[in-house]
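# Inside the fold
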Amino acid sequence: MGSHPHDLPMPVTAAGREGLEALLRAPRRSVVALDFDGTLADIVPDPDQARAHPEAVPALSALAPEVDSVAVVTGRPAGVAVRYGGFAGVPGLEHLVVLGHYGAERWDAVTGIVHAPAEHPGVAAVRAELPGFLDSIGAWRGTWIEEKGRALAVHTRRAEDPAAAFAALREPLTELAARHGLMVEPGRAVLELRPPGMDKGVALTEFLAERDAETVLYAGDDLGDLAAYSAVEKRRADGLPGLLVCSGSAEVPELAARADLVLPGPGSVATFLAALAVALRG
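Below is a short write-up of the structure. Quick caveat, the model's predicted, so the values are computed rather than measured. (Residues numbered from 1 in each chain as written. Predicted model: local features only at pLDDT ≥ 70, side-chain atom pairs only at ≥ 80, totals over all residues. Heavy atoms only, no water.)

What the protein chain contains, in helices and strands, is nine helices and 12 strands. For the protein chain, the spread of C-alpha atoms along the three principal axes comes to 60 × 40 × 35 Å. Burial analysis of the protein chain (282 residues in total) assigns 54% to the buried set. The contacts in the protein chain between residues at least 6 apart in sequence include a share of 65% that link residues at least 24 apart. As presented, the protein chain carries roughly 11800 Å² of accessible surface, and 55% of it is formed by carbon and sulfur atoms. One way to put it: in the protein chain the 25 positive side-chain charges average out to a point 2 Å from where the 38 negative ones average out. (Helix = DSSP H or I, 4+ residues; strand = E, 2+ residues; numbered from the N terminus. Buried < 20%, exposed > 50% of the residue type's maximum accessible area, 1.4 Å probe, protein only. Contact = heavy atoms within 4.5 Å. Areas by Shrake-Rupley, 256 points an atom, 1.4 Å probe, with all protein chains shown as cover. Lys, Arg positive; Asp, Glu negative; His and termini not counted. Charge placed at Lys NZ, Arg CZ, Asp CG, Glu CD.)

We now examine the packing of aromatic side chains. The description of an aromatic ring pair uses the distance of the two centres, along with the angle that the planes make with each other. Across all of its chains, the model carries two aromatic pairs by this definition. Summarising the aromatic geometry, the rings of Phe36 and Phe87 are spaced 6.1 Å apart at their centres and angled 85° between planes, so their arrangement reads as edge-to-face. One end of the pair, Phe36, is in the loop between β1 (30–34) and α2 (56–63); the other, Phe87, is in the loop between α3 (78–85) and β3 (97–100), and 51 residues separate them in sequence. Phe87 shares its class with Phe36; the two are buried. Note on Tyr218 and Tyr229: the rings are 6.3 Å apart at their centroids and 90° apart in plane angle, and the pair reads as edge-to-face. Placement of Tyr218 in strand β10 (residues 215–220) and of Tyr229 in helix α7 (residues 226–237) is noted, with a sequence separation of 11 residues between them. The exposure classification of Tyr218 matches that of Tyr229, with both residues buried. In this structure, Arg194 packs its charged tip against the face of Tyr102, placed 3.8 Å from the ring centre. (Phe/Tyr/Trp six-rings, centres within 6.5 Å; stacked < 30°, edge-to-face > 60°. Lys NZ or Arg CZ within 6 Å of the ring centre and 35° of its normal.)

With that settled, the discussion passes to the environment of Asp7. Topologically, Asp7 is positioned in the segment before α1 (14–25). A relative accessible area of 49% places Asp7 in the partly exposed class. Remark: the alpha-carbon pair of Asp7 and Phe272, spanning 265 residues in sequence, is separated by 8.7 Å.

Pairing geometry for β3 and strand β4 (residues 105–108), over four bridges, is antiparallel. Across the sheet, residue Val97 finds its bridge partner in β4, namely Asp108. Following β3, the chain reverses through four residues before pairing antiparallel with β4; His101 in that reversal takes a positive phi of roughly 50°. The loop that links β4 with its antiparallel partner strand β5 (residues 113–115) comprises four residues; one of these, Gly112, has a positive phi angle of about 70°. (Pairing = 2+ DSSP bridges.)

Glancing now at α3. Burial of α3 is extensive: six of the eight residues sit out of reach of the surface. Looking only at α3, the buried set comprises Ala78, Val80, Ala81, Val82, Tyr84 and Gly85. Buried residues along α3 sit against α2, β3, β4 and β5.

Let us look at empty space enclosed by the protein. Within this structure, the stated rule accounts for one cavity of 30 Å³ or more. The calculated volume of the largest cavity comes to roughly 460 Å³. Every residue lining the largest cavity is counted, 29 residues in all, and those nearest its centre are Asp37, Ile43, Lys148, Val190 and Asp222. Looking at the lining of the largest cavity, the element that brings in the most residues is strand β8 (residues 183–187), giving three residues. Its residues assigned to classes, the lining of the largest cavity shows 10 nonpolar, five polar and 14 charged. (1 Å grid on protein atoms, 1.4 Å probe; cavity = no way out; pocket = protein on both sides within 12 Å on 5 of 7 lines; lining within 4 Å. Points joined across faces, edges and corners; volume = space filled by probe spheres on them. Nonpolar A, V, L, I, M, F, W, Y, C, P; charged D, E, K, R; others polar.)

As a further point, take the sheet that holds strand β6 (residues 144–147). Taking strand neighbours across the sheet as the criterion, the four strands line up as β6-β7-β9-β8 in an open arrangement whose pairing is antiparallel. Each edge of the sheet is formed by a strand with only one pairing partner; in this case those strands are β6 and β8. The mean angle between the axes of side-by-side strands here comes to 25°, regardless of whether they run parallel or antiparallel. In this sheet, strand β9 (residues 190–194) lies alongside strand β7 (residues 152–155) in antiparallel orientation, the contact comprising four bridges. Each residue of the ladder has a partner; that of Leu152, found in β9, is Leu193. In the packing of helix α4 (residues 121–136) onto the sheet, the strands contacted are β6, β7 and β9, and the crossing angle to β7 comes to about 20°. (Axes fitted to C-alpha atoms, helices over the stretch in contact; angles between N-to-C directions.)

Below, the structure is given as structure tokens:
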């Protein structure tokens, strides 16, 4: 790609280079979609303390006016992602969209309103049962529950052996979720119990169809982002270009193996987005 700006890292795959070239050539037909935790915000021991990287919002506000649209696609409630990201009222992000709970919720900067369906009854049932359930299987020590509104997450990062705790909990939590019509979404030292039928791939596909986008850049860091990767790969199989970016690679090698471009973490993602904005303005 002869016109590739020198300060933009080069994707390692031919499909990725084609996706970046298409974005640079026709940004007004391109969507930039990004996960929040681990991609725009550093992973922290307490998810309630997660905040967007200091360089992320300035980079997004510089990039958003240059492309068709920017969307944040996250497992968090949409309103929480907006607060923790500091996205509301930022010049340049007047048309930002946040697709929360894997697309079940939507916040538009234009209205500042979250649109969401009624809560799945299984979530309320699991909310009541989960503390006693963890205690009954001897898994309370070192684990903790995160309330996510339309989902619940069990974290193992504080356990003496986070990986062993994660492995031990996966099957019993899957059985608990299934009894209440829910599914389990594994992540980085976390197992999330949530309603089925919506994932980041579905959310991304629907948003791209709404925008009639020709090109998409998707950046993520976790197992929940694999569905979005698959959605972009399906579009590429249909002849539509796309670029897959992985933020970090150590904890989720499955994502890094499928990415066109691997960046060390949220700080590097922000730097990349800022450089992309400069390239598009130029």
